[in-house]
Amino acid sequence: MAPAGTSPESSPDAAATRRLDEAFLAEQRKKLLAERQRYVRSAETMAAEAAALLDDREPGDLQFDEESGEGDSWAVERERDLALSAAAQAAVELIDAALKRIDDGTYGVCAVSGKLIQKERLRAIPWAAERVEYKAGGLRRR
């Protein structure tokens, strides 16, 4: 039942459901699942590459001198791989949250304002949880 003073049709869930038809939601789910698979593979690949760099090194191989700067480039490569793996894992978490919003009927509703997120934004960034003006920081919570 809708809260006092609102009709079921005016709630964000009802508005999102009305605006986002089943075909659009199915298309978005398909995109999200494909992106999720891509990011999972990327996270696993980057983590494996970071581990391989560490496995290929012997203790004491790190060289600190004028020629190598503050250590070999393998350390920089390993840190880059770990950062990329973490970023890919963070993207997977955003995608999982979007899939949950599809399941619970809140997909397409801004987490900040409760207003509908534009379809164009959802097509471009299927895991978007905020309207562009809130994500960009143009408007603040009131």
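Residues numbered from 1 in each chain as written. Predicted model: local features only at pLDDT ≥ 70, side-chain atom pairs only at ≥ 80, totals over all residues. Heavy atoms only, no water.

## Some details on the overall build of the chain
What counts, and what does not: Helix and strand labels come from DSSP, where a helix needs a run of H or I of at least four residues and a strand needs a run of E of at least two; each type is numbered from the N terminus. Residue contacts follow a heavy-atom distance rule, with two residues in contact if any of their heavy atoms lie within 4.5 Å. In this description, accessible areas are obtained by the Shrake-Rupley approach with a 1.4 Å probe, and a residue is regarded as covered only by the protein chains that are shown.
Counting its regular elements, the chain contains five helices and zero strands. Each helix and strand of the chain, ordered N terminal to C terminal, gives the series α-α-α-α-α. Long-range pairs, those at least 24 residues apart, make up 61% of the contacts in the chain between residues at least 6 apart in sequence. As presented, the chain carries roughly 9400 Å² of accessible surface, and 55% of it is formed by carbon and sulfur atoms.

## Some details on the nonpolar core
Definition in use: Note on terminology: a nonpolar core comprises buried Ala, Val, Leu, Ile, Met, Phe, Trp, Tyr and Cys residues joined through side-chain atoms within 4.5 Å. Buried residues are those whose accessible area, probed at 1.4 Å on protein chains only, stays under 20% of the maximum for their type, while exposed residues exceed 50% and partly exposed ones sit between those limits.
Judged by nonpolar contacts, the single largest core of 19 residues is most densely connected at Leu20, Leu32, Tyr39, Tyr107 and Leu122. Here this core takes seven residues from helix H3 (residues 73–104), the largest share from any one element.

## Here's the deal with the packing of aromatic side chains
Rule in force here: Two rings belonging to Phe, Tyr or Trp (six-membered ring only in the last case) form a pair when the distance between their centres is within 6.5 Å. Interplanar angles under 30 degrees mark stacking, angles over 60 mark edge-to-face geometry, and anything in between is tilted. A ring has a charge above it when a Lys NZ or an Arg CZ is no more than 6 Å from the ring centre and no more than 35 degrees off the ring normal.
Counted according to the given criterion, the structure contains one aromatic pair. When the ring of Tyr39 is compared with that of Trp127, the centres are 6.3 Å apart and the planes differ by 85°; the resulting orientation is edge-to-face. Of this pair, Tyr39 sits in helix H2 (residues 22–55) while Trp127 sits in the loop between helix H4 (119–124) and helix H5 (132–135), and the two are 88 residues apart along the sequence. Since its relative accessible area comes to 21%, Trp127 is described here as partly exposed. Looking at Arg38, its charged tip hangs above the ring of Tyr39, at a distance of 4.6 Å from the centre. Over the ring of Phe24 we find Lys119; its NZ or CZ atom is 4.8 Å from the centre of that ring.

## Some details on the confidence of the model for the chain
This is how the line gets drawn: Residue-level confidence of the predictor is summarised by pLDDT, bounded by 0 at the bottom and 100 at the top.
Across the chain, the average pLDDT comes to 80, with 70% of residues at or above 70. Across the chain, the element-wise mean pLDDT spans from 51 in helix H1 (residues 12–19) up to 95 in H4. For residues 1–11, every residue scores under 50 in pLDDT, and the model assigns this stretch six contacts once sequence neighbours within four places are set aside.

## Comments concerning H2
Convention followed: Each residue after the first adds 1.5 Å to the expected span of a helix. N or O atoms within 3.5 Å of each other form a polar contact, as long as, within protein, one can give a hydrogen and the other can take it, and as long as residues adjacent in sequence are counted only when both atoms are side-chain atoms.
Between its first and last C-alpha atoms H2 spans 49 Å; for 34 residues at 1.5 Å apiece the expected length is 50 Å, and the two agree. By the burial criterion, the buried members of H2 are Phe24, Leu25, Gln28, Leu32, Tyr39, Ala43, Met46, Ala50 and Leu53. The distance from a side-chain oxygen at the start of H2 to the backbone nitrogen of Ala23 is 3.0 Å, and the residue carrying that oxygen is Asp21.

## Quick notes on the pattern of salt bridges
Convention followed: The salt bridge definition used is simple: a Lys or Arg side-chain nitrogen within 4 Å of an Asp or Glu carboxyl oxygen.
All told, the structure shown has eight salt bridges when counted by the stated rule. A salt bridge links Glu35 to Arg38; the shortest N-O distance between them is 2.8 Å. Taken together, the positions of Glu35 and Arg38, both in helix H2 and three residues apart, correspond to about one turn of that helix. Given a relative accessible area of 40%, Arg38 falls into the partly exposed group. Glu79 is paired through a salt bridge with Arg78; the nearest N and O atoms lie 3.9 Å apart.

## Things to note about the side chain of Gln28
In this structure, Gln28 sits in helix H2. Using a relative accessible area of 0% as the deciding quantity, one classes Gln28 as buried. Only 2.8 Å separates the side chain of Gln28 from the backbone oxygen of Leu122, close enough to count as a polar contact. Not counting residues up to four positions away in its chain, the partners in contact with Gln28 are Ile102, Tyr107, Leu122, Arg123 and Pro126.

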